[in-house]
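Report on the structure
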Amino acid sequence: DAGVIQSPRHEVTEMGQEVTLRCKPISGHNSLFWYRQTMMRGLELLIYFNNNVPIDDSGMPEDRFSAKMPNASFSTLKIQPSEPRDSAVYFCASSSSGGVGELFFGEGSRLTVL
Amino acid sequence: QKEVEQDPGPLSVPEGAIVSLNCTYSNSAFQYFMWYRQYSRKGPELLMYTYSSGNKEDGRFTAQVDKSSKYISLFIRDSQPSDSATYLCAMNPQGGSEKLVFGKGMKLTVNP
């Protein structure tokens, strides 16, 4: 079975540019999460969706960040305009209802903003 | 004080050593305790979970929870180079993944 698929795997961009990260969750999972990981702060939850509806976006750093989930098989995280402090690895994860809370992570998108 | 504290290491041990990884937490409502393993340039994956207090064993791995001390541990026996990874503790007050709180992760290297 295919896992969570993220693209691009690597992105290098210049400050001020728009960045769009993409995620395809595991089929049948109804929750989708966007995390950011840095050495300093570890893994931080940015936003999560349940049944395509944003439930908690309190982790989104500021208005430059936005996320959408137009259907059950696709989500995007957009940063506009990007800044050097946005450099991090961004993970998408999905899970199904109930259970103990196992998250299935993608391989991440490594973003470098120059 | 952060909800979950984890020493980021790094920790380097020889092959065959017993490894102890630990996390402390402040929220007494946490009931589900998990350990995720993250290989270099990969996403984290669930290694083990326990509910409430007690021990759970899976092969060379043992997860231990002491709720009275708000302290959890992961022990790795007979460590192997393939165990080299970052280990993140995670916990939440109820089942499900919505309120999962992660530690920062401890980077472990097992040297052959």
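You'll find the structure just up there.
The paragraphs below set out a description of the structure included in this document.

About the thresholds
- Residues numbered from 1 in each chain as written.
- Chains lettered and ligands numbered in written order.
- Predicted model: local features only at pLDDT ≥ 70, side-chain atom pairs only at ≥ 80, totals over all residues.
- Heavy atoms only, no water.
- Helix = DSSP H or I, 4+ residues; strand = E, 2+ residues; numbered from the N terminus.
- Rg over C-alpha atoms; globule rule 2.2 N^0.38 Å.
- Buried < 20%, exposed > 50% of the residue type's maximum accessible area, 1.4 Å probe, protein only.
- Contact = heavy atoms within 4.5 Å.
- Areas by Shrake-Rupley, 256 points an atom, 1.4 Å probe, with all protein chains shown as cover.
- Phe/Tyr/Trp six-rings, centres within 6.5 Å; stacked < 30°, edge-to-face > 60°.
- Buried area = accessible area lost by both parts, 1.4 Å probe.
- Salt bridge = Lys/Arg side-chain N within 4 Å of Asp/Glu carboxyl O.
- Polar contact = N/O pair within 3.5 Å; in protein donor to acceptor, adjacent residues only side chain to side chain.
- Nonpolar A, V, L, I, M, F, W, Y, C, P; charged D, E, K, R; others polar.
- Disulfide = S-S within 2.5 Å.
- Pairing = 2+ DSSP bridges.

1. Overview of the overall build of chain B
The helix and strand inventory of chain B stands at zero helices and 11 strands. Going from N to C terminus, chain B has its helices and strands arranged as β-β-β-β-β-β-β-β-β-β-β. Scaling as 2.2 N^0.38, a compact globule of 112 residues should have a C-alpha radius of gyration of about 13 Å, and chain B matches this with 13 Å. For chain B, the spread of C-alpha atoms along the principal axes amounts to about 40 × 30 × 25 Å. For chain B, buried positions account for 44% of its 112 residues. Pairs at least 24 apart in sequence give 55% of the contacts found in chain B among residues at least 6 apart. Total accessible area on chain B is roughly 5300 Å²; 47% of this is exposed by carbon and sulfur atoms.

2. Re the packing of aromatic side chains
Overall, the coordinates contain 11 aromatic pairs over all chains when judged by the stated rule. With 6.0 Å between their ring centres and 90° between their planes, phenylalanine 91 of chain A and phenylalanine 105 of chain A make a pair best called edge-to-face. Placement of phenylalanine 91 of chain A in strand β9 (residues 88-95) and of phenylalanine 105 of chain A in strand β10 (residues 104-105) is noted, with a sequence separation of 14 residues between them. The exposure class of phenylalanine 105 of chain A is buried, given its relative accessible area of 12%. An angle of 50° between the planes, with centres 4.8 Å apart, marks the rings of tyrosine 32 of chain B and tyrosine 51 of chain B as tilted.

3. A few points about the interface of chain B and chain A
With 20 residues of chain B in contact, the opposing surface of chain A contributes 25 residues. When the buried surface of chain B facing chain A is broken down by residue, Arg41, Ser97 and Glu98 of chain B rank first, second and third, together holding 30% of it. At the boundary of chain B with chain A, the tally comes to one salt bridge. One salt bridge in this structure joins lysine 42 of chain B and glutamate 107 of chain A, with 2.7 Å as the shortest N-O distance. In this structure, the connection of chain B to chain A is made through five residue pairs in polar contact (both at pLDDT 80 or more). Elements supplying a minimum of two residues to the side of chain B that touches chain A: β4 (32-38), β5 (45-51) and β9 (85-92) of chain B. If you tally residues by element for the side of chain B that touches chain A, the top one is β4 of chain B, at four residues. Across the side of chain B that touches chain A, the residue classes break down as nine nonpolar, six polar and five charged.

4. Remarks on the environment of asparagine 50 of chain A
Residue and element names in this part refer to chain A. Looking at the secondary structure, you find asparagine 50 in strand β5 (residues 42-50). Separated by 40 residues in the primary sequence, asparagine 50 and tyrosine 90 have C-alpha atoms spaced 19 Å apart. Non-local contacts of asparagine 50, meaning those with residues more than four positions away in its chain, are made with Asn30, Ser31 and Ile55.

5. Thoughts on the pattern of salt bridges
Residues and elements named next belong to chain A. In the structure shown here, the tally under the stated rule is 13 salt bridges over all chains. Ionic pairing is found between glutamate 44 and arginine 36, a salt bridge with its closest N-O pair at 3.4 Å. Neither glutamate 44 nor arginine 36 differs from the other in exposure class; each is buried. Among the salt bridges present, the one from glutamate 44 reaches arginine 41, with a minimum N-O distance of 2.7 Å.

6. Observations concerning the state of the cysteines
All names here are of chain A. Scanning the model with the defined rule gives two disulfides over all chains in all. Across a sulfur-sulfur distance of 1.9 Å, cysteine 23 and cysteine 92 are joined as a disulfide pair. Taking the torsion about the S-S bond as the criterion, the cysteine 23 to cysteine 92 disulfide, at about -65°, is left-handed. With a gap of 69 residues between them, cysteine 23 in strand β3 (residues 19-24) and cysteine 92 in strand β9 connect regions that are remote in the sequence.

7. Re the pairing of strand β11 (residues 106-111) of chain B
Residues and elements named next belong to chain B. A one-sided burial pattern is seen for β11, the buried positions being Met106, Leu108 and Val110 and the unburied ones Lys107, Thr109 and Asn111. In the sheet, β9 pairs with β11 via three bridges, with the strands oriented antiparallel. Looking across to β11, one finds that tyrosine 87 is bridged to methionine 106.

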